Amino acid sequence: MDRATVATLTAPGSYFEAFEVGAVMKHARGKTVEPLENVLITNLVMNTAAGHFDEHMMKTAPFGRRVVFGGVTTALVVGMASQDTAENALAEIGMTGLRLKSPVFHGDTLYAYTEVVAKEEAEREDAGIVTFRHFGVNQDNVVVCECVRRVLVKRASHWRPA
Amino acid sequence: MLGTQIRRGLRAGVTRVAGGFAFDMTSDFLKTAVPVPKGNHFEAFEIGRRFEHHWGRTLRNSEAALFSTLTLHFNPLYFNREYAIALGHPETPVNPLMVFTLVLGLSVEDLSEVGGAFLGVDDLAYEAPVYPDDTLTARSTVTGLRESSSNAMMGIATWHTEGFNQRGERVISFVRTNMVPRARPRQDAGAENAQQETAQ
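About the criteria used
- Residues numbered from 1 in each chain as written.
- Chains lettered and ligands numbered in written order.
- Predicted model: local features only at pLDDT ≥ 70, side-chain atom pairs only at ≥ 80, totals over all residues.
- Axes fitted to C-alpha atoms, helices over the stretch in contact; angles between N-to-C directions.
- Helix = DSSP H or I, 4+ residues; strand = E, 2+ residues; numbered from the N terminus.
- Parallel < 35°, antiparallel > 145°, perpendicular 65-115°, else oblique.
- Contact = placed C-beta atoms within 7 Å.
- Nonpolar A, V, L, I, M, F, W, Y, C, P; charged D, E, K, R; others polar.
- pLDDT = per-residue confidence, 0-100.
- Core = buried A, V, L, I, M, F, W, Y, C linked by C-beta atoms within 7 Å.
- Buried ≥ 20, exposed ≤ 12 C-beta atoms within 10 Å, placed from the backbone.
- Left-handed = near helix turned anticlockwise from the far one by under 90°.
- Pairing = 2+ DSSP bridges.
- Bend = angle between axes of the 7 residues up to and from the residue.
- Arc of directions from axis to C-beta.

Student: Any chance you could explain the packing of helix H4 (residues 70-86) of chain A against helix H5 (residues 96-111) of chain B here in plain terms?
Tutor: Each pair of packed helices can be summarised by the angle the axes make with each other and by the distance between the axes. Running from amino to carboxyl end, H4 of chain A crosses H5 of chain B at an angle of 175°, the nearest separation of the two axes being 10 Å. As summarised for this structure, H4 of chain A and H5 of chain B are arranged roughly antiparallel, according to the angle between their axes. For the pair formed by H4 of chain A and H5 of chain B, the contact residues are Gly-71, Ala-75 and Val-78 of chain A on the first element and Leu-97, Phe-100, Thr-101 and Leu-104 of chain B on the second. Looking at the contact of H4 of chain A with H5 of chain B, its residues break down into five nonpolar, two polar and no charged.

Set out below in structure tokens:
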């Protein structure tokens, strides 16, 4: 695959140059969390805490039902934000300040919001580093998670044919 | 001999109910079963204690693509092989969020299986790409222990967790903090309660 073809697969608006510090995005797609996401991913990554997959046991626990694994909530919120923030990412660099602020249950619908926090030079000249703050909220606009994430993003100047 | 006993016990403990068979919870068979507990309570942790977590896991290509598509993580790097090769990779790398959740998952039985809220993660760094058919293992070190001010049955533990590939290269590290239930109430909390009761 040559560079011209690579450039046809992603949108022009998600290169490093396009991000403005201070901009806040509401991402287009929400997702209702079902056992499909929570139980499948929890089991796939071998998180053995049964409170995420034993509904019978959880009926007598304080929440009265299974709780979604925070790693699944995080992956969904970052995922829902990714087309607009990392479609042109060369790499995920890291994450900090991840806080799971409110429990998520099957049937809850999550939406993702992102603030562009900072832009900086990278070691390689064909990309730059963008810092995002992501927020995940449920159907009642209660914040369920937030995190700060750093991503290495292609520069259009190097990756899009003139 | 043992097999005969088990079969006899099963027969004695099983009763016919509408739609099938059910165990009778008063039968000797179920009453003699010994629970096999999993996980550690707060008392098991001390600063510096290291856990080499169980199992390890070889990640495969299709499950990595499934993780990205299921979480709507639309960066073609993780599910378009030709695109990944054009960006300089030998193969589609595994979505780093999957590496994170897997390494955390491998740590759960040792660190957080007994329950208590997952509070957060700091200082997460993806240190090397992970590719399909790489095998990851995990280890953690206890770095922080605090009492919960509001709940004598809970502590707050912080661990430094690291994930490694089959060559021993570190691919991820992060610091996780959880509420962790205690096996027994905090002793000084018991003393406070006793004093309060005396005062009343």
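Student: When you look at the confidence of the model for chain B in this model, what are you seeing that I'm missing?
Tutor: In regions of low pLDDT, the predicted coordinates are not meant to be interpreted in detail. With 83% of its residues at a pLDDT of at least 70, chain B reaches an overall mean of 88. Long-range and interchain partners of residues 191-200 of chain B, a stretch whose pLDDT sits below 50, account for zero contacts in this model, where long-range means more than four residues apart.

Student: Got a minute to help me understand the nonpolar core in this structure?
Tutor: Core analysis: the biggest nonpolar cluster contains 63 residues, and Val-77, Ala-89 and Val-153 of chain A together with Val-99, Leu-102, Val-103 and Leu-136 of chain B have the highest contact counts within it. Those residues in contact with Leu-136 of chain B that lie beyond four places of it in its chain are Gly-56, Arg-57, Leu-59, Leu-102, Val-103, Val-130, Gly-163, Phe-164, Asn-165 and Val-171 of chain B. Residues Ala-49 of chain A together with Val-108, Leu-111 and Trp-159 of chain B belong to the second largest nonpolar core, which totals nine residues.

Student: What am I meant to see in the packing of helix H2 (residues 35-44) of chain A against H4 of chain A here?
Tutor: Residues and elements named next belong to chain A. Where H2 meets H4, the closest approach of the two axes is 9 Å, and the angle between their N-to-C directions is 115°. For the pair H2 and H4, the crossing hand works out as right-handed. When H2 is examined against H4, the residues Glu-37, Asn-38, Ile-41 and Thr-42 are found in contact with a partner set consisting of Val-72, Ala-75 and Leu-76. Grouping the constituent residues of the contact of H2 with H4 by class yields four nonpolar, two polar and one charged.

Student: Is there a simple way to explain the pairing of strand S5 (residues 118-126) of chain B in this structure?
Tutor: Along any regular strand, the residues point their side chains to alternate faces of the sheet. As paired strands, strand S3 (residues 89-100) of chain A and S5 of chain B are joined by four bridges and run antiparallel to one another. What sits directly across from Met-95 of chain A, in S5 of chain B, is Leu-124 of chain B. Both S5 of chain B and strand S8 (residues 170-181) of chain B contribute to a ladder of six bridges, which runs antiparallel. Each residue of the ladder has a partner; that of Asp-122 of chain B, found in S8 of chain B, is Val-175 of chain B.

Student: Sorry, what's going on with H4 of chain A here?
Tutor: Three or four residues apart is the spacing at which side chains of an α-helix point the same way, because the helix has 3.6 residues per turn. Maximum bend of H4 of chain A: about 35°, positioned at Met-80 of chain A. Most of H4 of chain A is tucked away, with 16 of its 17 residues classed as buried.

Student: Mind showing me how you'd approach the interface of chain A and chain B here?
Tutor: The accessible area lost on association of the parts is a frequent measure of interface size. Each partner contributes residues to the interface: chain A has 37 residues there, and chain B has 41 residues. Secondary-structure elements contributing two or more residues to the side of chain A that touches chain B are H2, H4 and S3 of chain A. Counted by class, the side of chain A that touches chain B contains 19 nonpolar, twelve polar and six charged residues.

Student: What is the right way to read the environment of Asn-141 of chain A from this model?
Tutor: Looking at where Asn-141 of chain A falls in the secondary structure, it is placed in the loop between strand S5 (127-137) and strand S6 (143-154). Here the alpha-carbon distance between Asn-141 of chain A and Val-39 of chain A, two residues 102 residues apart in the chain, equals 24 Å.

Student: Looking at this structure, how should I read the environment of His-160 of chain B?
Tutor: Looking at the secondary structure, you find His-160 of chain B in strand S7 (residues 154-164). When near neighbours in sequence (up to four residues on either side) are disregarded, His-160 of chain B contacts Ser-140, Thr-141, Thr-143, Ser-173 and Val-175 of chain B.

Student: Please explain helix H3 (residues 61-70) of chain B as it appears in this structure.
Tutor: Those residues of H3 of chain B that sit buried are Ala-64, Phe-67 and Ser-68 of chain B. Take H3 of chain B and look down its axis: the buried residues cluster within an arc of 95°, on one side only. Packed against the buried residues of H3 of chain B are H2 of chain A together with H5 of chain B. Just beyond H3 of chain B, the residue with positive phi is Leu-72 of chain B, at close to 60°.

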